[in-house]
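# Geometric and topological summary
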Amino acid sequence: MFEVDQFVADCRAAYADDSSHKAVREVAARAVSDPGQVLQGLGEPQRAGVHTLYHAPDFTILNVVWGPHMTLMPHNHEMWAVISVYTGREDNIFWRRIKDHPDGLIEAAGAKALSVKDTEPLGRNIIHSVTNPIPRLTGAIHIYGGDFFEVDRSEWDPESLQEEAYNVEKIMGLFEKSNRILEMS
Ligand SMILES: [Fe+2]
């Protein structure tokens, strides 16, 4: 059985034991090994959005629901992350900075398609973009080794690939835009 309070407590205990992503990753992987239980515990996703399950200055747990075919531009986190998919699919493109580029441009460096039950750790310096490639909602638990909402970080324009300051409102707007499309369909 998946219960949010117990999951948060297990993650916090793992993080206290090991401040890298490793122990937390194990907890998350165990949870999504039974995705039906996670769906029951969190509720079947109804709309795109970012739902905070836990938020502290040193640790954040989010339930991220991606709209159908939604894409989030390249961005970094400045802290480690663990992504565990419990329904749908999440395709990640990984990017790297082009060495010494004056505009902070990036180039694609790899990709990983995450399916239900998959757990992927992202290192502190990772830059990724995310696409939900399927015509329905995708749900994933995202865990961060820091304060997801307070740390200054970057996003990259999806067309020019130029570095900009991360804009939380703009990103939340993308989720709402996705919901408007969902409501019209
Ligand atoms: Fe991210």
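One can find the structure itself at the top, above this paragraph.
Residues numbered from 1 in each chain as written. Predicted model: local features only at pLDDT ≥ 70, side-chain atom pairs only at ≥ 80, totals over all residues. Heavy atoms only, no water.

Bringing the coordination of the iron ion into the picture now. Taken together, the protein donors to the iron ion comprise His75 (NE2), His77 (NE2) and His128 (NE2), at separations of 2.1 Å. All donors of the iron ion come from a single chain, and their spacing in sequence reads H-x1-H-x50-H. Of this pair, His75 sits in strand S3 (residues 71-76) while His128 sits in strand S8 (residues 127-131), and the two are 53 residues apart along the sequence. Residue His75 is classed as buried on the basis of its relative accessible area, which comes to 4%. Judged by its relative accessible area of 2%, His128 is buried. (Donors = N, O, S within 2.8 Å, 3.2 Å for Na, K, Ca; no water. Helix = DSSP H or I, 4+ residues; strand = E, 2+ residues; numbered from the N terminus. Buried < 20%, exposed > 50% of the residue type's maximum accessible area, 1.4 Å probe, protein only.)

Another aspect to go through is empty space enclosed by the protein. By the definition in use, this model includes one cavity of 30 Å³ or more. In this structure, the largest cavity encloses a volume near 150 Å³. Forming the walls of the largest cavity are 19 residues, and the residues nearest its centre are Trp66, Leu72, His75, Tyr144 and Phe148. Among the elements of the structure, strand S2 (59-66), S3, strand S4 (81-87), S8, strand S9 (138-144) and helix H4 (168-184) are those that each provide at least two residues to the lining of the largest cavity. (1 Å grid on protein atoms, 1.4 Å probe; cavity = no way out; pocket = protein on both sides within 12 Å on 5 of 7 lines; lining within 4 Å. Points joined across faces, edges and corners; volume = space filled by probe spheres on them.)

Inspection of the secondary structure assignment puts Glu90 in strand S5 (residues 89-97). A distance of 3.2 Å separates the side chain of Glu90 from the side chain of Asn92, its partner in a polar contact. Ignoring sequence-local partners within four residues, the contact set of Glu90 consists of Trp66, Ile83, Val85, Lys112, Ala113, Leu114, Val130, Thr131, Pro133, Thr138, Ala140 and His142. (Polar contact = N/O pair within 3.5 Å; in protein donor to acceptor, adjacent residues only side chain to side chain. Contact = heavy atoms within 4.5 Å.)

With that out of the way, let us pick up the sheet that holds strand S1 (residues 49-56). An order of S1-S2-S9-S4-S7 is seen for the five strands of this open sheet, with the pairing classed as antiparallel. This sheet does not close on itself; its edge strands, each paired only once, are S1 and strand S7 (119-122). With strand direction ignored, the average angle separating the axes of adjacent strands in the sheet is 15 degrees. When S1 meets S2, the two strands line up antiparallel, connected through seven bridges. Along S2, the bridge assignment pairs Gly49 with Val65. (Pairing = 2+ DSSP bridges. Axes fitted to C-alpha atoms, helices over the stretch in contact; angles between N-to-C directions.)

Most of S4 is tucked away: seven of the seven residues are buried. Bridge count for S4 against S7 is four bridges, and the pairing is antiparallel. Looking at S7, one finds that Ala81 is bridged to Leu122. Bridge count for S4 against S9 is six bridges, and the pairing is antiparallel. Counted as the bridge partner of Val82 is Ile143 from S9.

As for its position among the elements, Trp80 is in the loop between S3 and S4. Expressed as a C-alpha distance, the spacing of Trp80 and Arg124, which sit 44 residues apart in the sequence, is 4.2 Å. Those residues in contact with Trp80 that lie beyond four places of it in its chain are Tyr15, Ser19, Ser20, His21, Val24, Phe59, Leu122, Gly123, Arg124, Ile143, Tyr144 and Gly145. A polar contact is formed between the side chain of Trp80 and the backbone oxygen of Ser19, at a distance of 2.9 Å.

The set of residues buried in helix H2 (residues 22-32) consists of Val24, Val27, Ala28, Ala31 and Val32. For H2, the angular spread of the buried residues around the axis is 125 degrees, confining them to a single face. Looking at H2, the residues exposed on the side facing more than 90 degrees away from the buried face are Lys22 and Arg30. Where H2 is buried, its residues touch helix H1 (4-17), helix H3 (35-42), S2, S4, S7 and S9. (Arc of directions from axis to C-beta.)

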